[in-house]
Amino acid sequence: MSDHALVRLEGVTKGFVKGQESIAIFKALDLAIPTGDFVAVMGPSGSGKTTLLNLLGGIDHVDAGAITVAGQRIDGLSENALARYRAANVGFVFQFYNLMPMLTAAQNVELPLLLTPLKKAQRRTHVETALAVVGLADRAKHYPREMSGGQQQRVAIARAIVSDPKILLCDEPTGDLDRATADEILGVLQTLNRELGKTIVMVTHDPAAARYAKRTLHLDKGQFFEKDLAA
Amino acid sequence: MNDFVLVFKNLFRRKLRAGLMIFSIFIAFAIFGVLASFERAFNAGQELAAADRLVTVNKINFTQPLPYSYYGRIAGMEGVKRVTFANWFGGYYQDPKQFLITFAVEPRSYMDVMAEEFDIAPDAQAAFVRTRTAALVGETVANKYGWKVGDRVPLSSSIFSQKNGARSWDFDVVGIIKPKKPLIDTNFVLFQYEYFNETRSFAKDTIGWLVLQTTSPAINDKVIKTIDETFANSPFETATDTEKAFNKAFMAQLGNIALIVTLVVGAAFVTILMIVGNTMMMAIRERSREIAVLKALGFPGGRVLRLVLGETLLLALIGGLAGLGAAALVTTAMRESLANFVPGLALNAQIVVLALALMVALGLATGLMPAVNALRLKVAAGLGRG
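All values reported here derive from a predicted model rather than from experimental measurement.

**Here's the deal with the overall build of chain B**
Now for step 1: Scanning chain B from N- to C-terminus turns up 14 helices and 14 strands.
Now for step 2: For 386 residues, the compact-globule estimate of 2.2 N^0.38 gives 21 Å, and chain B exceeds it by more than 25% at 29 Å.
Now for step 3: Expressed as lengths along the three principal axes of its C-alpha atoms, the size of chain B is roughly 95 × 45 × 35 Å.
Now for step 4: In chain B, buried positions account for 41% of the 386 residues.
Now for step 5: A sequence separation of at least 24 residues applies to 81% of the contacts in chain B between residues at least 6 apart.

Listed below in structure tokens is the structure:
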């Protein structure tokens, strides 16, 4: 395990109760993700891929163990402290984009900046930059309904990076897109990783998508197995 | 963009639904504004009643006369500072539909007793005492009919007639009565009792009621007792009360206006509370995923709660202010035509402040439950990932 890991999971245990049965998802799971990594997480349904993202994003709690992100222990934080953690450190990209339908692309991207002390003009500059990075500078005033699925996902990526988070958590970001559009989106994520040094954890079922990552972790029966998909 | 834009855009994302909710709030506050204005106008007499003034009427009811001699007898009683009297004329101008509140009064004593309420120029006061056919016209009436000092106006009575059979008396306008306080109504005409009493064909030497000032409000009860005991077991027994109690009893004959206002407005508010509250609950439930996204982006629970409450507050304020505006228009439009029955009908600052407080209460009450639900929403569950 790297000593300079941006993300570190140590002995993480997580399960849930279904009826009268306790089902373990992770048992003493360890993981280290260094800064600038692009990790694809694959695995069968129910293997805990999304639960892993929830834990890293501070929207679910571990049963035992420790999670450290950017030097901060996030397990055991209060809801408000977790909200502050997410605002400062995490960018989410969801499968179904999850844009606000009543807001324009620029307003959707601006949302995370409402949590910062930035002035209106500064926020506008950040939004324009983020939209330019994902190639949608000319769509700033368009509403989600006026855009294709691929464009909406780009807006979602712009929203995820606009506040310059330390880590991007992507949950099946191309699961709702055709191959060509999925490749465009994965290209954007790869650019963010390679050129801007963004650390990305991406959950996917798609081996083709996983190839855009620097490495792929296969999650099964509560443990990781590193795989080389190119091989 | 800021939180207000977010609240506004969320509220109007379904325009028809927002419009219908605003319309129902609009109706509630329009009803509240109009009814509260009526209630306030009806009760203005109680608010303006002087603490040291008593009213003596016939014990049977206030439409029955009292002997003129009571005026002198009450004036001589201990604790009575001043006394005057008035007689209902049942007047109208030109057409019985143009009803006028008209009293025959003893000029000097009436102006003395009502000195705190009415502003009458000194030369007009002197002319009113001096001129047998003089009339003092309230500012509202003068403005309505364009009367001015020096005009001679014929007023008819639906009750009395002259000895020669005529139902009309000619009066010389010698002054205009202006109010000294904001709520005081001047929609009436005064003329000399002596002129009226000499010329009328029946009920001579009777008066309608007496208004008296005591030397101190502390002795009101004693004076009331003295007056009513003095005339007990006579053909004209009296019922004396404070002016406030008299005005209240008079208005009570029209029904309990305050209760009517409370019941109607209360029913409207409870209905709207349920409609808006239920609709907002559904609206927030529909938006669980979006609320979860906001939280995932780092919006703290308190801020999400404020955003939801902001929606219901904005809804209540838009509908409420529009309703209050409509109520102001309605009361203004009705003010002149109802001046004889409900003088001083207006939506005043007190009603506006109360309405604003109700809007905030409505906004908070309808938003509380959905806001708490939004606050409690687990992000993972809201995103369908839990």
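**Section: the confidence of the model for chain B**
Now for step 1: Here chain B averages 88 in pLDDT, while 94% of its residues score no lower than 70.
Now for step 2: What the predictor reports for the complex is a pTM of 0.71 with an ipTM of 0.90.

**Focus: the sheet that holds strand β4 (residues 64–69) of chain A**
Backbone-to-backbone hydrogen bonds join strands into a sheet, with any given pair of strands oriented parallel or antiparallel.
Residue and element names in this part refer to chain A.
Now for step 1: The strand order β2-β1-β4-β5 describes an open sheet built from four strands, whose pairing is antiparallel. The sheet terminates laterally at β2 (21–34) and β5 (72–73), the two strands that pair on one side only.
Now for step 2: Inspection of the sheet shows strand β1 (residues 5–18) paired to β4 by five bridges, in the antiparallel sense. Bridge pairing in β4 places Thr 13 opposite Ala 64.
Now for step 3: Of the strands in this sheet, β1, β2 and β4 touch helix α1 (residues 49–56), which is tilted by about 120° from β1.

**Let's talk about helix α5 (residues 149–161) of chain A**
All names here are of chain A.
Now for step 1: Its 13 residues place the ends of α5 19 Å apart at the C-alpha level, agreeing with the 18 Å of an ideal helix rising 1.5 Å per residue.
Now for step 2: Most of α5 sits inside the fold, with 12 of its 13 residues counted as buried.
Now for step 3: Taken together, the buried positions of α5 are Gly 150, Gln 151, Gln 152, Gln 153, Arg 154, Val 155, Ala 156, Ile 157, Ala 158, Arg 159, Ala 160 and Ile 161.
Now for step 4: Contacts made by the buried residues of α5 are with β6 (90–93), α3 (105–110), α4 (120–133), β7 (167–171) and α6 (179–196).

**Description of the pairing of strand β9 (residues 152–157) of chain B**
Now for step 1: Across two bridges, strand β4 (residues 91–92) of chain B lies against β9 of chain B in antiparallel orientation. When the bridges of β9 of chain B are listed, Tyr 92 of chain B appears paired with Ser 156 of chain B.

**Remarks on the interface of chain A and chain B**
The figure often quoted for interface size is the accessible area lost as the parts come together.
Now for step 1: Facing the 23 residues of chain A at the interface are 18 residues of chain B.
Now for step 2: Breaking the side of chain A that touches chain B down by element, the ones donating at least two residues are α1, α2 (79–89) and α3 of chain A.
Now for step 3: The class makeup of the residues in the side of chain A that touches chain B is 12 nonpolar, six polar and five charged.

**Section: unusual backbone geometry**
It is generally the case that most residues other than glycine have a negative phi and that most peptide bonds are trans.
Residue and element names in this part refer to chain A.
Now for step 1: The phi dihedral of Ala 70 is positive, around 50°, even though this residue is not glycine.
Now for step 2: Along the polypeptide, Ala 70 turns up in the loop between β4 and β5.
Now for step 3: Even without being glycine, Asp 164 reaches a positive phi, approximately 55°.
Now for step 4: Here Asp 164 shows up in the loop between α5 and β7.

**Quick look at the packing of α5 of chain A against α6 of chain A**
All names here are of chain A.
Now for step 1: Their axes nearest at 9 Å, the elements α5 and α6 cross at an angle of 15°. The angle between α5 and α6 places the two elements in the roughly parallel class. Here the hand of the crossing between α5 and α6 comes out right-handed. In this structure, α5 uses Gly 149, Gly 150, Gln 153, Arg 154, Ile 157 and Ile 161 to contact α6, whose residues at the interface are Thr 181, Glu 184, Ile 185, Val 188 and Leu 192.
Now for step 2: Of the residues in the contact of α5 with α6, the class split is five nonpolar, four polar and two charged.

Calculation rules
- Starting afresh in each chain, residues are numbered from 1 along the sequence in its written order.
- Lettering of chains starts at A and numbering of ligands starts at 1, both following the order in which they are written.
- Local features in a predicted model are, by the rule used here, given only for residues with pLDDT of at least 70; side-chain atom pairs are given and counted only at 80 or more, and totals for whole chains, interfaces and linings are based on all residues.
- Note on conventions: DSSP H or I runs of at least 4 residues are helices, E runs of at least 2 residues are strands, and numbering of each starts at the N terminus.
- We compute the radius of gyration from the C-alpha atoms alone; for a globule the expected value is 2.2 Å times N to the 0.38, where N is the number of residues.
- Every C-beta atom is placed from the backbone, and the number of other C-beta atoms within 10 Å of a residue's own sets its class: buried at 20 or more, exposed at 12 or fewer, partly exposed in between.
- The contact rule is simple: place each C-beta atom from the backbone, and if two of them lie within 7 Å, those residues are in contact.
- Confidence scores labelled pLDDT are given residue by residue by the predictor and lie between 0 and 100.
- Strands pair, by our definition, only if DSSP identifies at least two bridges between them.
- The angle between two axes is taken between their N-to-C directions and runs from 0 to 180 degrees, where each axis is a line fitted to C-alpha atoms and a helix contributes only its stretch in contact.
- Expected span of a helix, by definition, is 1.5 Å for each gap between consecutive residues, and there is one gap fewer than residues.
- Each residue receives one of three labels: charged for Asp, Glu, Lys and Arg, nonpolar for Ala, Val, Leu, Ile, Met, Phe, Trp, Tyr, Cys and Pro, and polar for the others, Gly being one of them.
- Reported orientations rely on four angle classes, namely roughly parallel under 35 degrees, roughly antiparallel over 145, roughly perpendicular from 65 to 115, and oblique for the rest.
- By convention the crossing between two helices is left-handed if the near helix lies anticlockwise of the far one by an angle smaller than a right angle, and right-handed if it lies clockwise.

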